[in-house]
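One letter stands for each residue in the lines below.
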Amino acid sequence: MSAPSAPAGVVPVPPTRPAARRRRRTVTATAGVAVLVATLLAGCTGQPGAAAVVEGRAISVADVQQATAELQPYFQSVDQSTVLMLLIGAPTIESVAKDAGLAVSDQQAIDLLDKAAKSAGATTTPTFGAPAIEVIRFSLAQKAIEGASNAATLVKEVNDRLTALHAEVSPRYGTIDLTTGTVTPISYDWIVKPAAAGTSTK
């Protein structure tokens, strides 16, 4: 099919060469990937800066990072995924503990934190923010429930309520599984990984 002739007074646009078209598509595709990566890292929780949104309650990335930084010097196996999981579940397990007469106070959590810091050799008493204190309240509430005479009933209630939660986790942390209480990091296969030393990418 021949190209239509240009109307009078209009300068016809010369056809685009295939190579130029391919270059433009490459630039567009690269820009599209950059935007996609930025969107994924920003999170898809619907709230900017949120690591997770649980039943409408936002847990900020800043809170997760702060609690992790404050707890890591004194507790083993503390990372952002673990802290996020505990912050997601804390209100539920604390509610069950409270209803069972096993409520945990901020002061109890602070006392445990101070003890852990001293055991680790801290020469001054560190300051812990609300997110770190909430993580420790989770731990204390869990311990209280497990030591209760009706522990089996309480544990089942906690598990039932946790698995019923509606939780959205930012892809920067991974995917959440409330049945196992874990956050699994996401691996993006289309992200090019650097070649090992001595190998060629050609």
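Here the structure is shown first, and the text comes after it.
Below or above, wherever it landed, is the structure these notes cover. (Residues numbered from 1 in each chain as written. Predicted model: local features only at pLDDT ≥ 70, side-chain atom pairs only at ≥ 80, totals over all residues. Heavy atoms only, no water.)

### Some points on the sheet that holds strand β1 (residues 50-54)
(1) Moving on: With respect to topology, 3 strands assemble into an open sheet ordered β2-β1-β3, the strand pairing being antiparallel. With one partner strand each, in any of the chains shown, β2 (57-60) and β3 (167-169) form the two edges of the open sheet. Averaged over all adjacent pairs, the angle separating strand axes in this sheet is 15°, with direction ignored.
(2) Moving on: In the sheet, β1 pairs with β3 via 3 bridges, with the strands oriented antiparallel. Looking at the pairing, V54 lines up with A167 of β3.
(3) Moving on: Taken strand by strand, helix α2 (residues 61-71) contacts β1 and β2, and its axis lies near 50° from that of β2.
(4) Moving on: Contacting β1, β2 and β3, helix α3 (residues 80-99) crosses the sheet at an angle of about 150° to β2. (Pairing = 2+ DSSP bridges. Helix = DSSP H or I, 4+ residues; strand = E, 2+ residues; numbered from the N terminus. Axes fitted to C-alpha atoms, helices over the stretch in contact; angles between N-to-C directions. Contact = heavy atoms within 4.5 Å.)

### Quick word on the packing of aromatic side chains
(1) Moving on: Taken as a whole and judged by the stated rule, the model has 1 aromatic pair.
(2) Moving on: With centroids separated by 6.0 Å and ring planes inclined at 70°, the aromatic side chains of Y74 and F128 adopt a geometry described as edge-to-face. Of the two residues, Y74 sits in the loop between α2 and α3 while F128 sits in the loop between α4 (106-119) and α5 (130-146), which places them 54 residues apart along the sequence. (Phe/Tyr/Trp six-rings, centres within 6.5 Å; stacked < 30°, edge-to-face > 60°.)

### Some details on the side chain of E70
(1) Moving on: Assignment of secondary structure puts E70 in helix α2.
(2) Moving on: R137 provides the closest opposite charge to the buried, unpaired E70, separated from it by 12 Å.
(3) Moving on: The contacts of E70, once residues within four sequence positions are left out, are T127, F128, G129 and A132. (Buried < 20%, exposed > 50% of the residue type's maximum accessible area, 1.4 Å probe, protein only. Lys, Arg positive; Asp, Glu negative; His and termini not counted. Salt bridge = Lys/Arg side-chain N within 4 Å of Asp/Glu carboxyl O.)

### Quick word on the environment of S105
(1) Moving on: Relative to the assigned elements, S105 resides in the loop between α3 and α4.
(2) Moving on: Along the sequence, S105 and L140 sit 35 residues apart, while their C-alpha atoms lie 9.3 Å from each other.

### Section: the packing of α2 against α3
Between two packed helices, what matters for the description is the angle formed by their axes and the separation of those axes.
(1) Moving on: One way to put it is that α2 packs onto α3 with a least axis distance of 9 Å and a crossing angle of 115°. Crossing hand, α2 versus α3: right-handed. Residues V64, Q65, A67 and T68 of α2 lie in contact with α3, whose contacting residues are Q80, V83, L84 and L87.
(2) Moving on: Looking at the contact of α2 with α3 residue by residue, the classes come out as 5 nonpolar, 3 polar and no charged. (Left-handed = near helix turned anticlockwise from the far one by under 90°. Nonpolar A, V, L, I, M, F, W, Y, C, P; charged D, E, K, R; others polar.)

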